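# Observations on the model geometry
Listed here are the chains, written in short residue letters.
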Amino acid sequence: MSNSPNTALILNAIPLACYMLDNDANFSYVNDKALLFFKMTREEMLGKNVWVLFPKSVKTNYYEEVNKAIIQKIEITFEYISIYTQSWIKLTVTPLPDGVIITFSCIEQDKHNENLYKTLVENTPDIVTKWTSDLKLSYGNAAFELTAGTSLANALGKTHQEIWPGTDVSSLIKKANNVIDNGNSQTIIIPFTNTDKEVFYDIKLSPELTINGKVESVIEISRDITNLKNTQDAFNAELRNKYKSLFNSINQGFCIIEVIWDKEDNAVDYRFVEANPAFEKQTGITEYEGRNMTEISPSHENHWYKIYGDIVRTQKSAHFELPAKLINGWYEVEAFPILELGENIVGVLFNDVTARKNAEEVLRQNELKELEKKQQKEILKASLNAQEEERQRISETLHNGLGQVLYGVKTNLERLKIDDDEAYEENIRVLNRSKELLGMCIQESRRISHELMPSILEDFGLKASIKDICAQLKGKTHFNCTFSGLDLPLDKYLQLAIYRIIQELALNIMKHSEAKLARINLTVQKDQVLVTVKDNGKGFNTVDRKDKGIGLKTIEAKIKLLHGKIEIISVPQQTIIQIQFPL
């Protein structure tokens, strides 16, 4: 063989038996699986002419197909009974520049299964037919010829409508097209007109797939259920009469409807089949029988059609409450499929619950008002607590700061000796020290005043004020401030609230965190304010409420007044506080 060793290895590894013939039909390569099949050695086969080596093959279709592939250089797949094993094999002949390569495998079991399948299909009382992708008949079993009213030879290549011109087969054709398009099995019960009587068939439609998973044709298995249908109809009539008096006596509305579909299989309407006397009282609809809902109420909500369509598709009941323009109120509904009356039939048991819904709405509004009052009380309580704690903090600041310095001034001035001429220099030192202490009082007074109402906020705006906070507190902790969206106008009370919140957070970081770096970000969006503060300090326990000092409680009170929320995440080396409230 002139091919490379790699080619030989590949051909020997494939799961099929294969061999090569040159253009004169001489063996140029045979893999191991083919040698086992022929029960010969390579030396016995290589270089030998296939027709000389196997003369009996000349009388089979193998001879014709292989020569055709060699001469015309085309790929051919065919089946034949091997002259050596007397079993069915399937061969594929693929042309090469200097001959052909032939792969083959035994399909005896497949042929056996196929024959068994044909035997079963031909002897079943059910009608079995096969239809092409354009829905033309390509096969029918013996039962088909017995019931179709025509011979199989006459029906082959015809459509459903051509074979049964007197029967409405549009729904069957629609189901078959669904199988072609989606590959999903379908079922349908339809009547066929057979001479002078109507025969009902339960038909299952299934796809026949190619090796690539595409739908090649549709298999229809039809069973005569006429006797069963007549028995069932009689039973349904008896059942309807038995329960009709019950439905007529109840106060709940009851109706039977038939769901109507569009070409895309969307439920778009329903037709009234039957209803009880309470139906008219509950809906106000009269002369309903046989009429469509879109005709009676063109503005009827689409959700009703969708729900009833879903009940038909799933064949499952549904319980729900929905508003209806029909009564300008609400219905409580129990809907269920009635397959015995048809695949699109739904029973609907319903009641007008508008009064209950209105009462529930009044109760809900009252609960909301009570909740709002409770929230207002909580906010007022938090506000008063925050104010009291703020006053206490200012009191402590005045007492421990300004008060102590003023006490120092008083004590210092008491050391003056006005009548003692020799104490002149001592008096000068006392007065100078008093002046220093008074200067400290003025500075402390300005600091307290700045805390109460920062003039920088009024004069230079929020951004400058927050930068001033970071600059004043700069020491062991380095503060980095960033801003976004501050071009949007903010009310003065919001600016002051944001300033106080950030000021309090920054003071807490400086006093308690032992952080080296703190980042403050303020973002103002169209509908909310976002404040994010991070530091790399020691962290604190966010669960234990006792750890919250005056500062954090004051912040939470302000955020609650602003209808906002705060989230705190704190671990060693990282604390993140995120605050947001609406504009």
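Above this text is the structure in question.
As the structure is a prediction and not an experimental result, all values here were calculated from the model.

### A closer look at the sheet that holds strand S3 (residues 76-81)
- With respect to topology, five strands assemble into an open sheet ordered S2-S1-S5-S4-S3, the strand pairing being antiparallel. The sheet is open, and its two borders are formed by strand S2 (27-30) and S3, each paired with just one other strand. When the angles between neighbouring strand axes are averaged without regard to direction, this sheet yields 25°.
- Here S3 pairs with strand S4 (residues 88-96) via six bridges, running antiparallel. Paired with Ile76 across the strands is Val93, a residue of S4.

### Let's talk about the packing of helix H18 (residues 462-473) against helix H19 (residues 492-513)
- The interhelical angle for the contact between H18 and H19, taken along N-to-C directions, is 15°, at an axis separation of 10 Å. As far as their axial angle goes, H19 and H18 are roughly parallel. Handedness of the H18/H19 crossing: right-handed. Residues Leu462, Ser465, Ile466, Ile469 and Leu473 of H18 form the contact with H19, whose participating residues are Gln495, Ile498, Tyr499, Ile502, Gln503, Ala506, Leu507 and Met510.

### Details of the nonpolar core
- If you look at the biggest cluster of nonpolar residues, it comprises 35 residues, and the most contacted ones within it are Leu462, Phe479, Ile498, Ile520 and Ile579.
- At the level of secondary structure, the elements contributing two or more residues to this core comprise H18, strand S16 (478-484), H19, strand S17 (517-524), strand S18 (528-535), helix H20 (550-561) and strand S20 (574-582).
- Of the residues forming this core, the biggest block, 10 residues, is contributed by H19.
- Dropping the residues within four chain positions of it, Leu462 is found in contact with Leu457, Leu486, Leu490, Gln495, Ile498, Tyr499 and Leu522.
- Ranked by size, the runner-up nonpolar core spans 26 residues in total, among them Leu21, Phe27, Ile70 and Ile89.

### Looking at the packing of aromatic side chains
- Taken as a whole and judged by the stated rule, the model has 29 aromatic pairs.
- An angle of 35° between the planes, with centres 6.4 Å apart, marks the rings of Trp304 and Tyr308 as tilted. Of this pair, Trp304 and Tyr308 are both found in helix H14 (residues 302-314), four residues apart, which corresponds to roughly one turn of the helix. Side by side, Trp304 and Tyr308 carry an identical accessibility label, which is buried.
- Three or more aromatic residues joined by ring pairs make a cluster, and in this case those are Tyr270, Phe272, Phe279, Tyr288, Trp304, Tyr305, Tyr308, Phe320, Tyr331 and Phe350.
- A cation sits over an aromatic face here: Lys357 above Trp330, 4.4 Å from the ring centre.

### Details of the environment of Val273
- You can see Val273 is positioned in strand S12 (residues 267-275).
- When the C-alpha positions of Val273 and Tyr288 are compared, they lie 8.3 Å apart, and in sequence the two are 15 residues distant.

### With respect to helix H5 (residues 61-72)
- Taking 1.5 Å of rise per residue, 12 residues should cover 16 Å, and H5 covers 16 Å from first to last C-alpha, within 8% of that figure.
- When H5 is considered as a whole, its buried residues turn out to be Tyr62, Glu65, Val66, Asn67, Ala69 and Ile70.
- Buried-residue contacts for H5 involve strand S1 (17-22), helix H4 (50-53), S3, S4 and strand S5 (99-106).
- In the stretch just after H5, Lys73 is the one whose phi turns positive, near 55°.

Each value, and the rule that gives it
Residues numbered from 1 in each chain as written. Predicted model: local features only at pLDDT ≥ 70, side-chain atom pairs only at ≥ 80, totals over all residues. Heavy atoms only, no water. Pairing = 2+ DSSP bridges. Helix = DSSP H or I, 4+ residues; strand = E, 2+ residues; numbered from the N terminus. Axes fitted to C-alpha atoms, helices over the stretch in contact; angles between N-to-C directions. Parallel < 35°, antiparallel > 145°, perpendicular 65-115°, else oblique. Left-handed = near helix turned anticlockwise from the far one by under 90°. Contact = heavy atoms within 4.5 Å. Core = buried A, V, L, I, M, F, W, Y, C linked by side-chain atoms within 4.5 Å. Buried < 20%, exposed > 50% of the residue type's maximum accessible area, 1.4 Å probe, protein only. Phe/Tyr/Trp six-rings, centres within 6.5 Å; stacked < 30°, edge-to-face > 60°. Lys NZ or Arg CZ within 6 Å of the ring centre and 35° of its normal. Expected span 1.5 Å × (residues − 1).

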